[in-house]
Amino acid sequence: MTADQYNFAYLDEQTKRMIRRAILKGLAVPGYQVPFASREMPMPYGWGTGGVQVTAATLVPDDRLKVIDQGADDTTNAVSIRKFFERTAGVAVTEATTEASIIQTRHRIPETPLREGQILVYQVPIPEPLRFLEPRETETRKMHALEEYGLMHVKLYEDIARHGTIATAYAYPVQVEGRYVMDPSPIPKFDNPKLESPAIQLFGAGREQRIYALPPYTQVVSLDFEDHPFDPSRADYPCAVCGAVDSYLDEVITDDAGGRMFLCSDTDYCGQRQAAGHTGTEGAP
Amino acid sequence: MTAALEQPLLQVRGVTKHYGARLGCGDVSFDLWPGEVMGIVGESGSGKSTLLSCLAGHLPPDAGEVRFDVDGSLRDTLQLTEPERRRLHRTDWAFVHQHARDGLRMGVSAGGNVGERLMAIGARNYGEIRSQAADWLNRVEIAAERMDDRPTAFSGGMQQRLQIARNLVTGPRLVFMDEPTGGLDVSVQARLLDLLRGLVREMGLSAIIVTHDLAVVRLLADRLMVMKDGRVVEQGLTDQVLDDPQHGYTQLLVSSVLQV
């Protein structure tokens, strides 16, 4: 099948309407998980079927798309999804955060602050923050409806009792506008403060068939205890390539004798800094 | 007399539950006063657990009213909205299951199990939650160093005591107990009964205890209700019913106890 035989952005128009309705409902009730009729996509569950459907329903022909996977523009998942939309929608693509109008992301928020008018689409594996504590869907829905969120703190309590500190480092639960407790997808808790953003943030879970959303400038509070406040932790090193001290770092093992280096997980941010003349200990002069 | 004693804590009127054509429990009425412990005895299948489930709101009865004292006025708990009813379950009511596994979160440490009810009513200070949990574990004779162990590592008796601590930590006014000593050996039973009696007296709890063990009600209950085939056949003060049973079934029950 050639590219011009696909409908724009792969999905048919009725499906996109259905997804848009779910997105609008999600935006109207921030943090609430809206069920939607998730479609089979030409990729396996867990590879971002939810995010791809939300992106497909949001794209218009003059959009410019950026896709990142763990912060990187050049990994398999990011490259294949970007190619997928280049082929089926013919939209322009970019690796620069500032130039993109839609950014689909897996497990990171870009370091460069987002601005009004941009849309950030998350791929979500398990949208229900209470799932590992309460396996029954009927019960978790009731707990959301009645704002019974004590159980979420039981999880944080267990962390402190076992590790001395809140050890949850990713998918750190947040409360949206003082109402719904939400799973921000498996982003590092370092990114949690960036959830309060001028951009629209959409979350799509394909296998679990849920969409939820954060409108711009929504209040998002990371849950904690009074005497164990939330701490967006970060590895205590500068980036080895660009020298950044404010970005989230990947740890890369360089040999089998304990050698390691830390470098920015956001490849675009790291590249921009290198282009501007910043170098770290391992950076090219 | 204080105002609190002028009306009962719990007023039950005509509670009936059918399972299809068969009777679960029929037309049960009684009053429970603050600080009073009521025992319900009867053989297996006599409807005592059905009755307890209806009273505690786990099963909707077909007919009848269960009125509970909420802020000084008696309200029918069956008519409460769901948020109100669930709030009642977290604060003023407690339910001790026969099997501790049904009442505990087995994947969460002992301290977390006790702290859950505190966090459910809004406690957000880790240090305070922990010290209250430690205090309650101490009161049910669980060593402080077991606080971060999971209940799966506990013996049956310890699990049952943990379940009691978890239920009483928020200072409920009414406790429902379904065979709290079932499945425990006699020496552990004796300790648990001692503990329960102490806690009930000390906290001024009201309780409804369902059991088939007459020794349990003899020790704990002020009043006794005897059930057979879904009906209450006799009720009165515990010692009166046990020492001078009037109904034929009660006489059989009392005479069936093995003397050692």
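In the nomenclature of an unreviewed UniProt entry, chain B is known as Phosphonate C-P lyase system protein PhnK of Meridianimarinicoccus aquatilis.

Per an unreviewed UniProt entry, chain A is named Alpha-D-ribose 1-methylphosphonate 5-phosphate C-P lyase, and its organism is Meridianimarinicoccus aquatilis. Of the comments in the UniProt record for chain A, the one headed Sequence similarities (unreviewed entry) reads "Belongs to the PhnJ family." Recorded in UniProt under Catalytic activity (unreviewed entry), the annotation for chain A is "alpha-D-ribose 1-methylphosphonate 5-phosphate + AH2 + S-adenosyl-L-methionine = alpha-D-ribose 1,2-cyclic phosphate 5-phosphate + methane + 5'-deoxyadenosine + L-methionine + A + H(+)".

K.L.:
Looking at this model, I keep getting lost on the overall build of chain A. Mind explaining?
P.N.:
Of the regular secondary structure elements, chain A holds six helices and 12 strands. The C-alpha radius of gyration of chain A comes to 19 Å, within 12% of the 19 Å expected for a compact globule of 285 residues. Seen through its C-alpha atoms, chain A measures out along the principal axes to roughly 55 × 50 × 35 Å. Burial statistics for chain A: of 285 residues in total, 53% are counted as buried. The contacts in chain A between residues at least 6 apart in sequence include a share of 61% that link residues at least 24 apart. Carbon and sulfur atoms make up 52% of the accessible area of chain A, which totals about 12800 Å². Charged side chains in chain A number 28 positive and 40 negative. The centres of these two groups are separated by 7 Å.

K.L.:
Help me out: how do you make sense of the sheet that holds strand 6 (residues 174-176) of chain A in this one?
P.N.:
Residue and element names in this part refer to chain A. Read across the sheet, three strands follow the order 7-6-10 without closing on themselves; strand pairing throughout is antiparallel. The strands lining the two open edges of the sheet, one partner per strand, are strand 7 (180-182) and strand 10 (220-222). Averaged over neighbouring strand pairs, the angle between their axes works out to 30 degrees when direction is ignored. Relative to strand 10, strand 6 is paired through three bridges, and the arrangement is antiparallel. Residue pairing for strand 10: Q175 is matched across the bridge by V221.

K.L.:
Sorry, what's going on with the packing of aromatic side chains here?
P.N.:
Working definition: an aromatic ring pair is given by the centre-to-centre distance plus the angle between the planes. Inspection of the entire model under this criterion finds 14 aromatic pairs over all chains. Relative to F203(A), the ring of Y122(A) has its centre 4.1 Å away and its plane inclined at 10 degrees; by these criteria the two rings are stacked. Residue Y122(A) is located in strand 5 (residues 119-123), and its partner F203(A) is located in strand 8 (residues 200-205); the two are separated by 81 residues in the primary sequence. In this structure Y122(A) comes out as buried when scored by relative accessible area, which is 0%. Residue F203(A) is classed as buried on the basis of its relative accessible area of 0%. Each ring, one from W93(B) and one from F176(B), has its centre 5.2 Å from the other, and the planes form 75 degrees; the classification is edge-to-face. Highlighted residues: W93(B) in strand 6 (residues 93-96) and F176(B) in strand 7 (residues 174-178), separated in sequence by 83 residues. For F176(B), a relative accessible area of 1% puts it in the buried group. Among the aromatic residues, those joined into a cluster by ring pairs are Y6(A), Y10(A), F84(A) and F85(A). One residue, R179(A), lies across the ring of Y180(A), its end atom 4.2 Å from the ring centre.

K.L.:
What exactly am I supposed to notice about helix 4 (residues 137-145) of chain A here?
P.N.:
An α-helical segment advances 3.6 residues per turn. Residues three or four places apart therefore align on the same side. Among all positions of helix 4 of chain A, only E139(A), T140(A), M143(A) and H144(A) are buried. The buried residues of helix 4 of chain A all sit within an arc of 140 degrees when viewed along its axis, so they share a single face. Facing away from the buried surface of helix 4 of chain A by more than 90 degrees, the exposed residues are T138(A) and A145(A). Residues of helix 4 of chain A that are buried in the fold lie against helix 5 (150-163) and strand 7 of chain A together with helix 2 (82-90) of chain B. Downstream of helix 4 of chain A by one or two residues, E147(A) has phi in the positive range, about 55 degrees.

K.L.:
Explanation requested: helix 5 (residues 126-139) of chain B in the structure shown.
P.N.:
Across its 14 residues, helix 5 of chain B extends 20 Å between first and last C-alpha, which sits within 8% of the 20 Å expected from 1.5 Å per residue. Here the buried face of helix 5 of chain B lies against helix 5 of chain A together with helix 4 (110-120), helix 6 (156-168) and helix 7 (186-203) of chain B. The backbone nitrogen of G127(B) has a side-chain oxygen 3.1 Å away, supplied by the residue at the start of helix 5 of chain B, namely N125(B). One or two steps after helix 5 of chain B, the chain reaches E141(B), where phi turns positive at roughly 60 degrees.

K.L.:
How should the nonpolar core be read in this particular structure?
P.N.:
Generally speaking, soluble globular proteins have nonpolar side chains that are buried together. By size, the foremost hydrophobic cluster in this structure holds 68 residues, and its most contacted members are Y157(A), F225(A), V114(B), L162(B) and V175(B). With seven residues, helix 5 of chain A is the largest single contributor of residues to this core. If you look at the next biggest cluster of nonpolar residues, it comprises 29 residues, including A22(A), M43(A), A56(A) and V121(A).

Definitions and limits used
Residues numbered from 1 in each chain as written. Chains lettered and ligands numbered in written order. Predicted model: local features only at pLDDT ≥ 70, side-chain atom pairs only at ≥ 80, totals over all residues. Heavy atoms only, no water. UniProt positions renumbered as here; feature names shortened; annotations may be inferred. Helix = DSSP H or I, 4+ residues; strand = E, 2+ residues; numbered from the N terminus. Rg over C-alpha atoms; globule rule 2.2 N^0.38 Å. Buried < 20%, exposed > 50% of the residue type's maximum accessible area, 1.4 Å probe, protein only. Contact = heavy atoms within 4.5 Å. Areas by Shrake-Rupley, 256 points an atom, 1.4 Å probe, with all protein chains shown as cover. Lys, Arg positive; Asp, Glu negative; His and termini not counted. Charge placed at Lys NZ, Arg CZ, Asp CG, Glu CD. Pairing = 2+ DSSP bridges. Axes fitted to C-alpha atoms, helices over the stretch in contact; angles between N-to-C directions. Phe/Tyr/Trp six-rings, centres within 6.5 Å; stacked < 30°, edge-to-face > 60°. Lys NZ or Arg CZ within 6 Å of the ring centre and 35° of its normal. Arc of directions from axis to C-beta. Expected span 1.5 Å × (residues − 1). Polar contact = N/O pair within 3.5 Å; in protein donor to acceptor, adjacent residues only side chain to side chain. Core = buried A, V, L, I, M, F, W, Y, C linked by side-chain atoms within 4.5 Å.

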